[in-house]
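Understanding the architecture of this molecule
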Amino acid sequence: MTAHTADDDLGRLSKSIIQAGSKSFAAAARLFDPETRASAYLLYAWCRHCDDVIDGQTLGFQRDDSQANDPIAELHKLRLQTSEAIAGGKTSDPIFLALRTVVQKHRIPAVYPLALLDGLQMDVEARRYETLDDTLTYCYHVAGVVGIMMAMVMGARHDATLDRANDLGLAFQLTNIARDVIDDARLRRVYLPAQWLRAEGVPSDPAELVAPEHRPQIAVVVRRLLAEADKYYASSVAGLPDLDMRSAWAIATARNVYRQIGLSVLSRGASAWDQRVSTSKPQKIAAVMGGAGLALYAGSVGRLVATAPRGPLWARPKAT
């Protein structure tokens, strides 16, 4: 098999993974230029694979009960495979070939993919999150670092821009937490701050959290969480001027799509978890149109005006 054929196969595989695993991001990713889109697909494929391996799932949905899943052993294996791929070692696994390709091409520091595995360790340990700061720390590891790596794929290198990319990752994950509260609890995971749940008289034990009688109080906590997410959605816009126009359009579109998911959760109140919230085709079209306007503003006026300060938002640890 020639190198060109292998690259084509890897590209097709990574494209199929993102299309099946995240229709929302796949729709936005089509707006990237072909080279950036290919790298984004490769990075997503590795991220999706790691998450699925720990959860014993396929593309984040179907649970694989065909064989016993030992998350601790799987996490150890992922760390070894990831470290080997980052170091440029030989591998025949297409997922880790994808990771090696993208980290080498875009000079992504090892600290970021390894930080994602630290986030998965939090899931393996069934960690509890007492405060909002605890929840945001988790969000950084499983989503903020993905935002940072994606920004590097788009050519961003300034710390200020990477801060805003992290903000968008945090916003995405806070939205995911809000949408998936009940599904996560069924997996014995609770990401909502325990302090907030207690304030509303809701038990943080996942077995009790799923009880339907707690839905109105959970809706109050989720409303508070999504108000926090909005701060990070707002902050993320300041990173767009540092991107090329097509990348800014793609990211602004993804931002709009995910924010709409949060708005839909809010509008449904206590019934938000009766079925999984997603965006409709008209909503995706509106997100693309709104993303175009936001990207145009960022690429023109946004490059001329002073950048608004981030304010008292959660600060990511700096890579050393």
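Refer to the structure printed above.
Just so we're clear, the structure is a prediction, and the values are computed from it rather than from any experiment.

Procedures and definitions
- Every chain begins its residue count from 1, and numbering advances along the sequence as written.
- Whole-chain, interface and lining totals are the exception, using all residues; otherwise, since this is a predicted model, local features are given only for residues with pLDDT of at least 70 and side-chain atom pairs are given and counted only at 80 or more.
- The side-chain values count all of the structure's non-hydrogen atoms but skip hydrogen atoms and water molecules.
- Per the convention used, a helix needs a DSSP run of H or I reaching at least four residues, while a strand needs a run of E reaching at least two, with both numbered from the N terminus.
- Each residue is assigned to one of three classes by its accessible area relative to the maximum for its type, calculated with a 1.4 Å probe on protein chains only: buried under 20%, partly exposed between the two thresholds, exposed over 50%.
- Each accessible area is a Shrake-Rupley estimate made with a 1.4 Å probe; only the visible protein chains count as cover when residues are assessed.
- Here the expected span of a helix is defined as 1.5 Å times the quantity of residues minus one.
- In this analysis, two residues are considered to be in contact whenever any of their non-hydrogen atoms come within 4.5 Å of each other.
- Patch membership requires over 30% relative accessible area and the absence of a salt bridge. Like charges are linked within 9 Å, and nonpolar side chains (Val, Leu, Ile, Met, Phe, Trp, Tyr) within 5 Å.
- Think of a salt bridge as a Lys or Arg side-chain nitrogen and an Asp or Glu carboxyl oxygen that are within 4 Å of each other.
- An axis is simply a line fitted to the C-alpha atoms; with a helix, the fit covers only the stretch in contact. Between two such axes, the angle follows the N-to-C directions and lies from 0 to 180 degrees.
- Angle categories: roughly parallel below 35 degrees, roughly antiparallel above 145, roughly perpendicular from 65 to 115, and oblique for all the rest.
- Left-handed describes a crossing in which the near helix is turned anticlockwise from the far one by less than a right angle; the clockwise case is right-handed.
- For this scheme, ten residues count as nonpolar: Ala, Val, Leu, Ile, Met, Phe, Trp, Tyr, Cys and Pro. Four count as charged, namely Asp, Glu, Lys and Arg, and the remainder, Gly too, count as polar.
- Two N or O atoms count as a polar contact when they lie within 3.5 Å, although within protein this holds only if one can serve as hydrogen donor and the other as acceptor, and sequence-adjacent residues are included solely when both atoms are side-chain atoms.
- Definition used in this section: a nonpolar core is a set of buried Ala, Val, Leu, Ile, Met, Phe, Trp, Tyr and Cys residues joined via side-chain atoms within 4.5 Å.

**Points about the overall build of the protein chain**
Secondary structure assignment for the protein chain yields 14 helices and two strands. Within the protein chain, buried positions represent 50% of all 320 residues. With an accessible surface of roughly 14700 Å², the protein chain has 56% of that area assigned to carbon and sulfur atoms.

**Concerning helix α6 (residues 111-124)**
With 14 residues, α6 extends 20 Å between its outermost C-alpha atoms, agreeing within 8% with the 20 Å of an ideal straight helix rising 1.5 Å per residue. Within the sequence span of α6, burial applies to Tyr 112, Pro 113, Ala 115, Leu 116, Leu 117, Gly 119, Leu 120, Met 122 and Asp 123. Looking at the packing, one finds that the buried side of α6 touches α3 (34-55), α4 (71-86) and α7 (132-153). Phi turns positive one or two residues past the end of α6, at Ala 126, with a value near 50°.

**Points about a nonpolar patch on the surface**
A cluster of nonpolar side chains, contributed by Tyr 297, Val 301, Leu 304 and Val 305, occupies part of the molecular surface with about 410 Å² of accessible area. With respect to the element layout, Val 305 can be found in the segment after α14 (281-299). A residue is classified by how much of its surface remains accessible, and Val 305, at 44% relative accessible area, is partly exposed.

**A word on the packing of helix α12 (residues 215-236) against helix α13 (residues 245-268)**
The geometry of α12 relative to α13 is characterised by a closest axis approach of 10 Å and an angle of 160° between their N-to-C directions. Here α13 runs roughly antiparallel to α12, going by the angle between their axes. Crossing angle aside, the handedness with which α12 passes α13 is left-handed. Only Arg 255, Tyr 258, Arg 259, Gly 262, Val 265 and Leu 266 of α13 make contact with α12, whose side of the interface consists of Val 222, Arg 223, Leu 226, Asp 230, Tyr 233, Ala 234 and Ser 236. Residues that form the contact of α12 with α13 fall into these classes: seven nonpolar, two polar and four charged.

**Considering the environment of Thr 307**
Considering the arrangement of structural elements, one finds Thr 307 in the segment after α14. The exposure class assigned to Thr 307 is exposed, which follows from its relative accessible area of 54%. Distance from Thr 307 to Pro 241, taken between C-alpha atoms, is 9.7 Å for residues 66 residues apart in sequence. What Thr 307 contacts, discounting residues up to four positions off in sequence, is Arg 164 and Ala 238.

**Description of the side chain of Thr 36**
When you line up the elements, Thr 36 lands in helix α3. Of note is the side chain of Thr 36, whose polar atom sits 2.8 Å from the side chain of Asp 33. Sequence-distant contacts of Thr 36, defined by excluding residues within four places in its chain, comprise Val 153, Met 154 and Ser 247.

**Observations concerning the nonpolar core**
If you look at the biggest cluster of nonpolar residues, it comprises 97 residues, and the most contacted ones within it are Trp 46, Leu 116, Leu 192, Ile 218, Val 222 and Trp 273. Looking at this core element by element, the count peaks at 15 residues for α7. Excluding anything up to four places from it in sequence, Val 222 contacts Ala 178, Val 181, Leu 192, Val 265 and Trp 273.

**What to know about unusual backbone geometry**
The phi torsion at Ala 126 lies on the positive side, around 50°, for a residue other than glycine. Structurally, Ala 126 can be placed in the loop between α6 and α7. At Arg 188, a position not held by glycine, the phi torsion is positive, near 65°. Among the secondary structure elements, Arg 188 is positioned in the loop between α9 (181-186) and α10 (194-199). A residue is classified by how much of its surface remains accessible, and Arg 188, at 46% relative accessible area, is partly exposed.

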